[in-house]
Amino acid sequence: MSKELYVYPGDRLATIEEFEGKEGTYEDDGIVRASITGKAIYDIKSRTITVIPFSTNVNMPKHGDIVKGLITMATPTMIEMRILYINNNKEEVNLSAIYYSKTKKDTQFRVGDLVRASVTNILNSFIHVTFRNKRLGVIYTRCHLCHGKMVRIDNALKCTECNTRDERKLAEDYGSIENILPIYSVVT
Ligand SMILES: [Zn+2]
């Protein structure tokens, strides 16, 4: 029996008491971590972990590709998104992208926002994206308080249920139906 997981370099896989790290892993202070991007295979029987690099059929995005997905983490200095589409092609592999911000205004995102971003580069196996374009940013979201519909008012959003206002980095076509349907067919 084995369990599989997509991992990035540095990801914690287990403690050395739990599993022994084989190819594609390294040990750091009692923790087995991934040394490459790939698929971690936990062999429960032999209690070993091997990370197999992504095969060539995994579609890694390239510089300039447009990715759409869900914000999974948002702090004042960085955001992380789960990629659901690469250039309008549905992505089956669980890939994440990150964005580091220099100004506070750049990180006007909340967990759960659906966003469109552009890939800037892949550095140390991390996919980096940018939102610096009027086509890029939040394309759909719900109110974080009541889950109501958020409509655009100038450059902000307002909840139609509880009137909460929220600032976001919005894409110019925020809320248009063709953005929402394909993504919600993946998420729900
Ligand atoms: Zn609300």
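Residues numbered from 1 in each chain as written. Predicted model: local features only at pLDDT ≥ 70, side-chain atom pairs only at ≥ 80, totals over all residues.

Undergrad: Describe the overall build of the protein chain, naming the residues involved and giving the relevant values.
TA: Scanning the protein chain from terminus to terminus reveals 1 helix and 16 strands. Within the span of the protein chain, comprising 188 residues, buried residues form 27% of the whole. Sequence-distant contacts, at least 24 apart, represent 50% of the contacts inside the protein chain between residues at least 6 apart. (Helix = DSSP H or I, 4+ residues; strand = E, 2+ residues; numbered from the N terminus. Buried ≥ 20, exposed ≤ 12 C-beta atoms within 10 Å, placed from the backbone. Contact = placed C-beta atoms within 7 Å.)

Undergrad: An account of unusual backbone geometry is requested, with residue identities and associated values reported.
TA: The backbone of Arg47 shows a phi angle near 55°, a positive value even though the residue is not glycine. Relative to the elements of secondary structure, Arg47 occurs in the loop between strand S6 (38-43) and strand S7 (48-53). Unusually for a residue other than glycine, His147 sits at a positive phi of about 70°.

Undergrad: Outline the nonpolar core, supporting the account with residue identities and numerical values.
TA: The biggest cluster of nonpolar side chains holds 25 residues, and the ones touching the most others in it are Val115, Ala117 and Val138. Mapped onto this core, the elements with two or more residues apiece are strand S8 (66-74), strand S9 (78-86), strand S10 (89-100), strand S11 (114-123), strand S12 (126-130) and strand S13 (137-140). Tallying contributions element by element places S9 first for this core, with 5 residues. Excluding its chain neighbours within four sequence positions, the residues that come into contact with Val138 are Phe109, Asp113, Leu114, Val115, Arg168, Lys169, Leu170, Ala171 and Tyr174. Core analysis: the next-biggest nonpolar cluster, separate from the first, contains 7 residues, Val7, Leu13, Ala34 and Val51 among them. (Core = buried A, V, L, I, M, F, W, Y, C linked by C-beta atoms within 7 Å.)

Undergrad: Which residues make up the sheet that holds strand S5 (residues 31-34), and what are the values?
TA: If you trace the 3 strands from one edge of the open sheet to the other, you get S2-S5-S4, paired in antiparallel fashion. Lying at the two open borders of the sheet, with one neighbouring strand each, are strand S2 (12-15) and strand S4 (25-28). Neighbour to neighbour, the strand axes of the sheet diverge by 30° on average, direction disregarded. For S2 and S5, the ladder comprises 3 bridges, and the chain directions are antiparallel. When the bridges of S5 are listed, Arg12 appears paired with Arg33. (Pairing = 2+ DSSP bridges. Axes fitted to C-alpha atoms, helices over the stretch in contact; angles between N-to-C directions.)

Undergrad: I'd love a proper account of the environment of Ser35, names of residues and values included.
TA: Relative to the assigned elements, Ser35 resides in the loop between S5 and S6. Residue Ser35 is classed as partly exposed on the basis of its C-beta count, with 18 C-beta atoms lying within 10 Å. Spatially, the C-alpha atoms of Ser35 and Gly10 are 6.1 Å apart, while their sequence positions differ by 25 residues. Not counting the four nearest positions on each side in its chain, Ser35 is found in contact with Pro9, Gly24, Thr25 and Tyr26.

Undergrad: Go over the pairing of S5 with me, naming the residues and quoting the values.
TA: With 4 bridges connecting them, S4 and S5 associate as antiparallel partners. When the sheet's bridge partners are listed, Asp28 is paired in S5 with Ile31. The hairpin turn running from S4 into S5, its antiparallel successor, is 2 residues long, and Asp29 in that turn takes a positive phi close to 55°.

Undergrad: Explain the environment of Ala40 residue by residue, including any values.
TA: Examined against the element boundaries, Ala40 turns out to sit in strand S6. Sequence spacing of Ala40 and Gly24 is 16 residues, and the spatial spacing of their C-alpha atoms is 8.4 Å.

Undergrad: Which residues make up the sheet that holds strand S14 (residues 150-153), and what values go with them?
TA: One open sheet holds the 3 strands; their spatial order is S14-S15-S16, and the pairing between them is antiparallel. One side of each edge strand has no neighbouring strand; the edge strands of this open sheet are S14 and strand S16 (165-167). Sheet twist, expressed as the average angle between the axes of neighbouring strands with direction ignored, equals 35°. Bridge analysis of strand S15 (residues 156-159) against S16 gives 3 bridges, and the strand direction is antiparallel.

Undergrad: Break down the environment of Tyr174 for me, citing the residues and quoting the values.
TA: As for its placement among the helices and strands, Tyr174 is situated in the loop between S16 and helix H1 (177-187). Linking Tyr174 and Gly137, residues 37 residues apart in sequence, is a C-alpha distance of 8.4 Å.

Keep in mind that these numbers describe shape and distance, not what the molecule does.
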